[in-house]
Amino acid sequence: MSTAAIAARRALQQQRSRVLYRKTLRNVLSWAVHRDIFYVEAQKIREQFEINKDVANLETIDRLLYEGETRVEKFQHPDPYIGNCASLKCRFSRFLDMGLPVFSSRQFS
């Protein structure tokens, strides 16, 4: 394998690792609603990533990334936290379809 191919594969692995780390933290945020619990769980996740930081074998890195991705998909929250992006949702709530009618401000003026 050429050095350019190795460098490209390492860059792809670094990108996959960053995406996996961020996806894992978002998933934990859906499970741990309170910030103090989230910070403890985020520290545990960081320690798991730090353990495997110095792995140099490309196949081992690919295997670890695959195992991490499947683990995140397995423990995905069934009702993930959704930020404030639409009406009738508050910043700290999950998406709930409560069947309430949506009123515009023009109806009351």
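Just so it is clear, the model here is predicted, and its values are computed rather than measured. (Residues numbered from 1 in each chain as written. Predicted model: local features only at pLDDT ≥ 70, side-chain atom pairs only at ≥ 80, totals over all residues. Heavy atoms only, no water.)

**Some remarks on the pattern of salt bridges**
Part 1 of the argument: By the definition in use, this model includes nine salt bridges.
Part 2 of the argument: Of the charged contacts, one joins R9 and E59 as a salt bridge, the two residues approaching to 3.7 Å between their closest N and O atoms. Here E59 lies in helix 3 (residues 58–74) and R9 lies in helix 1 (residues 3–31), a separation of 50 residues in the sequence.
Part 3 of the argument: With relative accessibility at 21%, the residue R9 sits in the partly exposed group.
Part 4 of the argument: Between E69 and R16 there is a salt bridge; the shortest N-O distance is 3.2 Å. On the criterion of sequence distance, the pair formed by E69 in helix 3 and R16 in helix 1 is long-range, its members being 53 residues apart. (Salt bridge = Lys/Arg side-chain N within 4 Å of Asp/Glu carboxyl O. Helix = DSSP H or I, 4+ residues; strand = E, 2+ residues; numbered from the N terminus. Buried < 20%, exposed > 50% of the residue type's maximum accessible area, 1.4 Å probe, protein only.)

**Points about the side chain of T24**
Part 1 of the argument: Assignment of secondary structure puts T24 in helix 1.
Part 2 of the argument: For T24, a relative accessible area of 13% gives the class buried.

**Observations concerning helix 3**
Since one α-helical turn is 3.6 residues long, residues separated by three or four positions face the same way.
Part 1 of the argument: Taking 1.5 Å per residue as the helical rise, helix 3 with its 17 residues ought to reach 24 Å, and the 24 Å between its terminal C-alpha atoms agrees with that figure.
Part 2 of the argument: Restricting attention to buried positions, one finds in helix 3 the residues L58, I61, L65, G68 and V72. Down the axis of helix 3, the smallest arc covering the buried residues is 90°, so these residues share one side. Exposed residues pointing more than 90 degrees away from the buried face of helix 3 are listed as Y66 and K74.
Part 3 of the argument: Where the residues of helix 3 are buried, they touch helix 1. (Expected span 1.5 Å × (residues − 1). Arc of directions from axis to C-beta. Contact = heavy atoms within 4.5 Å.)

**Observations regarding the environment of E41**
Part 1 of the argument: Note that E41 resides in helix 2 (residues 35–51).
Part 2 of the argument: Classification of E41 by relative accessible area gives partly exposed; the value is 28%.
Part 3 of the argument: When the C-alpha positions of E41 and V28 are compared, they lie 7.2 Å apart, and in sequence the two are 13 residues distant.

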